[in-house]
Amino acid sequence: GAGVSQSPSNKVTEKGKDVELRCDPISGHTALYWYRQSLGQGLEFLIYFQGNSAPDKSGLPSDRFSAERTGGSVSTLTIQRTQQEDSAVYLCASSLVRLAGETDTQYFGPGTRLTVL
Amino acid sequence: AQSVTQPDIHITVSEGASLELRCNYSYGATPYLFWYVQSPGQGLQLLLKYFSGDTLVQGIKGFEAEFKRSQSSFNLRKPSVHWSDAAEYFCAVGTTNAGGTSYGKLTFGQGTILTVHP
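To keep things clear, this report deals only with the structure shown in the data block. (Residues numbered from 1 in each chain as written. Chains lettered and ligands numbered in written order. Predicted model: local features only at pLDDT ≥ 70, side-chain atom pairs only at ≥ 80, totals over all residues. Heavy atoms only, no water.)

Before going further, it helps to spend a moment on the overall build of chain A. On a plain count of helices and strands, chain A comes out with zero helices and 10 strands. Reading the helices (α) and strands (β) of chain A from amino to carboxyl end gives β-β-β-β-β-β-β-β-β-β. A globule of 117 residues ought to have a C-alpha radius of gyration of about 13 Å, and chain A, at 14 Å, matches this closely. Taking the intrachain contacts of chain A between residues at least 6 apart in sequence as the baseline, contacts between residues at least 24 apart amount to 56%. With an accessible surface of roughly 5,800 Å², chain A has 46% of that area assigned to carbon and sulfur atoms. Taken together, the 11 basic and 12 acidic charged side chains of chain A have centroids lying 4 Å from each other. (Helix = DSSP H or I, 4+ residues; strand = E, 2+ residues; numbered from the N terminus. Rg over C-alpha atoms; globule rule 2.2 N^0.38 Å. Contact = heavy atoms within 4.5 Å. Areas by Shrake-Rupley, 256 points an atom, 1.4 Å probe, with all protein chains shown as cover. Lys, Arg positive; Asp, Glu negative; His and termini not counted. Charge placed at Lys NZ, Arg CZ, Asp CG, Glu CD.)

So, about the state of the cysteines. All names here are of chain B. For the structure on display, the rule yields two disulfides over all chains. A sulfur-sulfur separation of 2.0 Å characterises the disulfide bridge that pairs C23 with C91. Residues C23 and C91 share a disulfide whose torsion about the S-S bond is about -65 degrees; that sign makes it left-handed. Placement of the pair is C23 in the loop between β3 (19–21) and β4 (24–26) and C91 in strand β10 (residues 87–96), with a sequence separation of 68 residues. Taken as a pair, C23 and C91 share a single burial class, namely buried. (Disulfide = S-S within 2.5 Å. Buried < 20%, exposed > 50% of the residue type's maximum accessible area, 1.4 Å probe, protein only.)

Let us look at the environment of K57(A). Residues and elements named next belong to chain A. Within the secondary structure, K57 sits in the loop between β5 (42–50) and β6 (65–69). For K57, a relative accessible area of 51% puts it in the exposed group. The spatial distance from the C-alpha of K57 to the C-alpha of L46 is 6.6 Å, given a sequence separation of 11 residues.

This brings us to the side chain of Q2(B). Counting through the fold element by element, Q2(B) comes out in the segment before β1 (3–5). Classification of Q2(B) as buried rests on a relative accessible area of 14%.

The next thing to look at is the sheet that holds strand β3 (residues 19–24) of chain A. Residues and elements named next belong to chain A. Across the sheet, which stays open at both edges, the four strands sit in the order β1-β3-β7-β6 with antiparallel pairing between neighbours. Two strands in the sheet have a free side with no partner beyond their single neighbour: β1 (5–7) and β6. Across the sheet, the axes of successive neighbouring strands diverge by a mean angle of 15 degrees, strand direction being ignored. In terms of strand pairing, β1 meets β3 through three bridges, oriented antiparallel. Counted as the bridge partner of S5 is D24 from β3. (Pairing = 2+ DSSP bridges. Axes fitted to C-alpha atoms, helices over the stretch in contact; angles between N-to-C directions.)

What follows concerns the packing of aromatic side chains. Here the structure, examined in full by the defined rule, presents 16 aromatic pairs over all chains. Geometrically, the ring pair formed by F63(B) and Y89(B) is tilted, given 5.7 Å between the ring centres and 50 degrees between the ring planes. One end of the pair, F63(B), is in the loop between β7 (56–58) and β8 (64–68); the other, Y89(B), is in strand β10, with 26 residues separating them in the sequence. Note on Y89(B): relative accessible area 2%, which makes it buried. An aromatic cluster is present here, built from Y33(A), Y35(A), F45(A), Y48(A), F108(A), Y32(B), F34(B), Y36(B), F51(B), F90(B) and F108(B) joined pairwise through their rings. (Phe/Tyr/Trp six-rings, centres within 6.5 Å; stacked < 30°, edge-to-face > 60°.)

The subject of this paragraph is the pattern of salt bridges. Close approach of charged atoms allows side chains with opposite charge to pair. Following the criterion strictly, the structure yields eight salt bridges over all chains and no others. As a salt-bridge pair, K17(A) and E14(A) come within 3.7 Å of each other at their nearest N and O atoms. In this structure, D24(A) engages R22(A) in a salt bridge whose closest nitrogen and oxygen atoms are separated by 2.8 Å. In this structure, a network of salt bridges that share partners links the residues E64(B), E66(B) and R77(B). (Salt bridge = Lys/Arg side-chain N within 4 Å of Asp/Glu carboxyl O.)

Written out as structure tokens, the structure reads:
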């Protein structure tokens with residue numbers, strides 16, 4: 001079946017502009033995650049959505065970063081007033097959270113490469 | 001807080017040789033452990049995972065990993081490397097909640113780049 005998809009695949013923007021990155025999770029997956037992959041920091045957790053629960057925003061680096069998930073499916077990560085240090089690959093993942101004792105492997109999308117000039 | 005260490009930033013092996021990629025984790029409870037592979041320009045692909053039970057787990061592409069609680073390790077192995085295995089490999093630990101299900105974030109190691117010589 002279809003995997004996690006992300007758009008755009010590449011985004012070049014000017015410092016100070018806002019950007020929106022989109023993630024379409026695997027159909028039926030209840031959990032959605034955003035990560036950032038950069039040369040200096042490796043792979044970092046940003047935010048996690050699970051069903052109707054309040055999202056875990058503990059990884060967002062600043063208040064310029066926000067994310068929403070509409071209808072329990074598609075998610076948008078927004079970065080306001082972009083800075084050069086925001087340049088990275090932003091990865092989205094989804095998983096099917098089961099009952100206690102079961103597993104929920106995260107499946108990753110191809111990522112969006114963001115370049116801030 | 002949990003952490004993952006991959007001591008080897010870059011490993012080079014000859015095609016057909018055996019491979020072992022090291023991973024050490026720090027986590028207060030029983031960990032959920034993963035190995036992912038990333039080819040250039042691609043997303044992360046799951047190789048294998050350990051949640052419980054048999055400490056030797058088999059994955060895709062002929063990879064296996066062994067969970068050793070006493071050493072806090074989850075090393076990845078392959079008996080014979082193919083040129084197509086050249087990629088970056090990430091070890092990750094997942095948090096668990098009180099119910100024992102895996103949830104929330106993965107914490108990744110810094111990755112090990114594998115180069116395969118013909």
